[in-house]
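Structural overview for review
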Amino acid sequence: MADTSVLNDIVLFHYPLSPYGRRVRWYLALRAIPYAECIQPVILPRPDLDALGIKYRRSPCMAIDRDVYVDSRMIIQRLEELYPDDSEFPMLSSKEIAGLTALLNKFVIDGSVFSKGVGIMPEVPARSDNKFVKDRAGFYGKQWNIHDTAKHKPENMAHLRQCFEIAESLFVDNRDWVAGTSRPSLADLEGVWSFAWILSDLQPPPKHFSKAIYPKVYAWCERFQAAVQSAQARAPKVVSLKGSEAVPYLLGRPLAELDPIVEPDDPLQLRRGALVDLYPTDGGGFTHQDRGTLVKLTKDEVAIEVHAPTGEAVYIHAPRWSFRIEEVASRAKLA
């Protein structure tokens, strides 16, 4: 087992090609937060998460003791709460840029920059592999097929060109960072990660995407990636754990002392202890839903208690946006 003082009680479950995982790793590096990682397979199954009682199938997940945070937005939100600004972990966010940060988050994720980027992925042998196709059908739904993805490439390309033009306009005054800060901020991270992924990993056609067409977006990506590389060189070394190390370590740790808030005026009108299904609505929830008892429900967060196969209780935390919470009794009545 690795030195637990290096773990900092954080284990990030991800696979290196995941752009969402990259986003979280960039955040951790820029804030110099020590953590351990447990690399997962690109496609299912993922036995390490199964051993924690987690059905959620997307990447990344972050475990802090027996609390597991799913969705990169929830992960970053929790890290913001755990590590307030100080000289050791310099903050990326501030009240002054909170609005722009949230808008860029919505623009990139809910505004489809990322999903349309997925829709222009180049054809590679792995995408035609039957295991890969079956895995992604479990993510996007049974109707998904690789031929439809190719068919919709032109409209996805058109959408992305508009998004790049919007991003280009944010730097019309030649600022270095999107919020006008002196160094990269959380607003930059929320905006740049998807554009950088599209340009570096997807190699979009140069007749539509190039430094000549979008010089400011390209320069923004390059500046940000240089800042991340510099931060990674200074940051504590990431500890790599195998699942056989990470899972027993986490299950042997305590549960968080959770503030038992279930807001009574929440639109769902659920009670603490209700048996619910929790799953994302924007991919991966068709076949993989976590069922557990409700322990927290606020306007920003939901948490449920599940159990590992070995019996230990685990809390799963998710954001309220793009996640559905359905009471099991209500679902049974509709069936």
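The preceding data block contains the structure.
Below, the structure is looked at part by part. All values derive from a computational prediction rather than experimental measurement.

So, about the sheet that holds strand 3 (residues 61–64). Read across the open sheet, the 10 strands follow the order 5-2-1-3-4-9-8-7-6-10; overall the sheet is mixed. In this open sheet, the two strands that pair with only one neighbour each are strand 5 (239–240) and strand 10 (323–327). Strands strand 1 (10–14), strand 2 (36–39), strand 3, strand 5 and strand 9 (313–319) of the sheet are contacted by helix 12 (residues 243–251), whose axis makes an angle of about 135 degrees with strand 1.

A few words on the pattern of salt bridges. Tallying each qualifying case throughout the model produces 20 salt bridges. With its nearest N and O atoms 2.3 Å apart, the salt bridge here joins E190 to R23. Of the two residues, E190 is situated in helix 10 (residues 186–202) and R23 in helix 2 (residues 19–30); the sequence distance between them amounts to 167 residues. In this structure, E190 and R23 share a single accessibility class: buried. In this structure, the salt-bridge partner of R223 is D176, at a minimum N-O distance of 3.9 Å. Highlighted residues: R223 in helix 11 (residues 215–234) and D176 in the loop between helix 9 (153–169) and helix 10, separated in sequence by 47 residues. A residue is classified by how much of its surface remains accessible, and R223, at 25% relative accessible area, is partly exposed. Through salt bridges that share partners, R58, D71, R73, K106, D110 and D282 make up one connected network.

It is worth spelling out the packing of aromatic side chains at this point. With the rule as written, the count across this model stands at 14 aromatic pairs. Judged by centre distance (4.9 Å) and plane angle (50 degrees), the ring pair of F171 and W220 falls under tilted. Within this pair, whereas F171 is found in the loop between helix 9 and helix 10, its partner W220 is found in helix 11, the two being separated by 49 residues in sequence. W220 matches F171 in its accessibility class, with the two residues each being buried. Among the aromatic residues, ring-to-ring pairing joins F107, F164, F171, F195, F209, Y214 and W220 into one connected group. Seen from the ring of W177, R223 lies directly overhead, with NZ or CZ sitting 5.7 Å from the centre.

About the thresholds
Residues numbered from 1 in each chain as written. Predicted model: local features only at pLDDT ≥ 70, side-chain atom pairs only at ≥ 80, totals over all residues. Heavy atoms only, no water. Pairing = 2+ DSSP bridges. Helix = DSSP H or I, 4+ residues; strand = E, 2+ residues; numbered from the N terminus. Contact = heavy atoms within 4.5 Å. Axes fitted to C-alpha atoms, helices over the stretch in contact; angles between N-to-C directions. Salt bridge = Lys/Arg side-chain N within 4 Å of Asp/Glu carboxyl O. Buried < 20%, exposed > 50% of the residue type's maximum accessible area, 1.4 Å probe, protein only. Phe/Tyr/Trp six-rings, centres within 6.5 Å; stacked < 30°, edge-to-face > 60°. Lys NZ or Arg CZ within 6 Å of the ring centre and 35° of its normal.

None of this, on its own, says anything about what the molecule does.
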